[in-house]
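Observations on the model geometry
Chain residues, written in single-letter form:
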Amino acid sequence: MKESYKSFDELPMMISVSQVAKVLGISRTRSYELVNEKGFTKIGTRTVVPKDEFKLWIQKEIKKG
């Protein structure tokens with residue numbers, strides 16, 4: 001797994017909870033809470049976030065201010 005990302009385009013199509021934590025600069029525990037709270041997509045038993053869905057969520061959060 002890549003340690004840091006310089007642009008959104010570098011993220012994989014499906015982002016793991018650990019990657020969400022790294023991108024947002026939060027703990028993995030908080031990342032799991034956030035992903036569950038916001039209702040992101042889960043694939044099977046694995047919790048992943050589609051990159052496009054993550055980007056839309058970030059844009060909405062920025063607009064909330």
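What this report covers is the structure whose coordinates are included nearby.

Here is what the cut-offs are and how they apply
- Per chain, the residues get numbers from 1 upward, laid out in the order the sequence is written.
- In keeping with the predicted nature of the model, local features appear solely for residues at pLDDT of at least 70, side-chain atom pairs appear and are counted solely at 80 or more, and the whole-chain, interface and lining totals rest on all residues.
- Just so you know, side-chain values use all the structure's heavy atoms and leave hydrogens and water out.
- Note on conventions: DSSP H or I runs of at least 4 residues are helices, E runs of at least 2 residues are strands, and numbering of each starts at the N terminus.
- Each residue is placed in one exposure class: buried if its accessible area under a 1.4 Å probe, protein chains only, is under 20% of its type's maximum, exposed if it is over 50%, and partly exposed if it falls in between.
- Residue contacts follow a heavy-atom distance rule, with two residues in contact if any of their heavy atoms lie within 4.5 Å.

Positionally, Ile58 belongs in helix α3 (residues 51–64). The exposure class assigned to Ile58 is partly exposed, which follows from its relative accessible area of 24%. Put simply, Ile58 and Pro12 are 46 residues apart on the chain and 16 Å apart in space, counted from C-alpha to C-alpha.

Among the structural elements, Thr41 can be located in the loop between α2 (28–37) and β2 (42–43). In this structure the C-alpha to C-alpha distance between Thr41 and Lys64, which are 23 residues apart in sequence, comes to 22 Å. Sequence-distant contacts of Thr41, defined by excluding residues within four places in its chain, comprise Val48, Val49, Pro50 and Glu53.

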